[in-house]
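If you want the building blocks of each chain, they are given just below.
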Amino acid sequence: PDTRPDPANWTIWPVIPTVSGTARDIYRRGQELGNNPHYFSVIGDCQSLPETFMGIYDDGGYFLGEQYAYLQDTIDYFAGSFDAPRLAAKDGMLPATALSPTWADSSVCQADETPVDCELRVNKPAFIFIALGTNWPAQTTTEKFEKYMRQVLDKVIAAGTLPILATKADDAEGGNTINMVVVKLAYEYDIPLMNFWQVAQLLPNGGLDKARENIYLTIEGWNLHSFTGLQTLDAVWKGVQGE
């Protein structure tokens, strides 16, 4: 029986995902295609760049403590991924621009190659976080957001890379409609979801910087975002192996 929570109740979805049989199948197919099991990447905007999301775990400027010492294995296993250039993460990135060759790095990517295709070809990641939506224009329908997100997901899954979707802390569009779409897609595709929105509620103002229009994260928010990402990566990596 399907024991997954209802997407309509996305605010109470767990922060750290469990791994489904579908997700394991995607990962295993990717290994057959030659994807790098030690590499993860990110598709996102400026809050997904290494300096704001998990790059610290390659730089050594972190302290896990006894409670979270188990995460060191994950840091060691994915060493080099945390601070690596992200070819599909860029300031202002949207699902549509992630599919546009004009947004690709011409020094690395081939002609007419999209940022998503370029990332998948160059780095062949086993896992990829997808954190998009903060820059989505409020006047544009979420139907278009969903349309482009599906295209991104289809490309990633076809390459045998396991997508990890993520909710966002902000509600720039109003009504949290972007997060609702993201959770709906995670449910429909049966792939992992990092429900960052929920854990961000533990921080003052939901982890958002009031001085920056409640769109960008505070330093505390960035730190929590990175740590939640590490916990998620740990859970998904171990989950695809049946641990």
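In this text, all values refer to a predicted model and were calculated from it rather than measured experimentally.

### Here we look at the state of the cysteines
Then step 1. Using the criterion set out here, one finds one disulfide in the structure.
Then step 2. The residue that forms a disulfide with C109 is C118, at a sulfur-sulfur distance of 2.1 Å. What sets the handedness of the C109 and C118 disulfide is the S-S torsion sign, and at about -95° it is left-handed. Taken as a pair, C109 and C118 share a single burial class, namely buried.
Then step 3. Cysteine C46 shares no disulfide, and the gap to the nearest cysteine sulfur, in C109, comes to 19 Å.

### Notes on the sheet that holds strand β1 (residues 36-44)
Then step 1. Strand order across the open sheet formed by five strands is β2-β1-β3-β4-β5, with parallel pairing between neighbours. The open sheet has two free edges, formed respectively by β2 (88-89) and β5 (193-194), since each of these has just one partner strand.
Then step 2. Relative to β2, β1 runs parallel, the two sharing two bridges. Within β2, the position partnered with I43 by the bridge is A88.
Then step 3. In this fold helix α5 (residues 142-158) packs onto β1, β3 (125-131) and β4 (162-166), with an angle of close to 150° to the strand it touches most, β4.

### Things to note about the packing of aromatic side chains
Then step 1. Under the criterion given, the structure shown has 14 aromatic pairs.
Then step 2. Their ring planes at 75° and their centres at 6.0 Å tell us that F40 and F78 sit as a pair that is edge-to-face. Placement of the pair is F40 in strand β1 and F78 in the loop between α3 (72-77) and β2, with a sequence separation of 38 residues.
Then step 3. Classification of F40 by relative accessible area gives buried; the value is 0%.
Then step 4. Seen from their ring centres, Y68 and F227 are 4.8 Å apart, and the 80° between their planes marks the pair as edge-to-face. Linking Y68 in the loop between α2 (56-59) and α3 with F227 in helix α8 (residues 219-240), this pair joins segments that are 159 residues apart in sequence.
Then step 5. Accessibility expressed as a relative area gives 19% for F227, which makes it buried.
Then step 6. These aromatic residues form a ring-pair network of at least three members: Y27, F40, F53, Y57, Y62, Y77, F78, F82, F127, F129 and W237.
Then step 7. Of note, R4 hangs over the ring of Y187, and the distance from its end group to the ring centre comes to 3.8 Å.

### Some words on helix α6 (residues 177-189)
Within an α-helix, residues lying three or four positions from one another point in the same direction, as the helix has 3.6 residues per turn.
Then step 1. Between its first and last C-alpha atoms α6 spans 18 Å; for 13 residues at 1.5 Å apiece the expected length is 18 Å, and the two agree.
Then step 2. Within the sequence span of α6, burial applies to I178, N179, V181, V182, V183, L185, A186 and Y189.
Then step 3. Buried residues in α6 make contact with α1 (21-32), α5, β4, β5 and α7 (196-200).
Then step 4. Note on α6: the residue one or two positions beyond its end, D190, has a positive phi of about 60°.

Basis of the calculations
- Residues numbered from 1 in each chain as written.
- Predicted model: local features only at pLDDT ≥ 70, side-chain atom pairs only at ≥ 80, totals over all residues.
- Heavy atoms only, no water.
- Disulfide = S-S within 2.5 Å.
- Buried < 20%, exposed > 50% of the residue type's maximum accessible area, 1.4 Å probe, protein only.
- Pairing = 2+ DSSP bridges.
- Helix = DSSP H or I, 4+ residues; strand = E, 2+ residues; numbered from the N terminus.
- Contact = heavy atoms within 4.5 Å.
- Axes fitted to C-alpha atoms, helices over the stretch in contact; angles between N-to-C directions.
- Phe/Tyr/Trp six-rings, centres within 6.5 Å; stacked < 30°, edge-to-face > 60°.
- Lys NZ or Arg CZ within 6 Å of the ring centre and 35° of its normal.
- Expected span 1.5 Å × (residues − 1).

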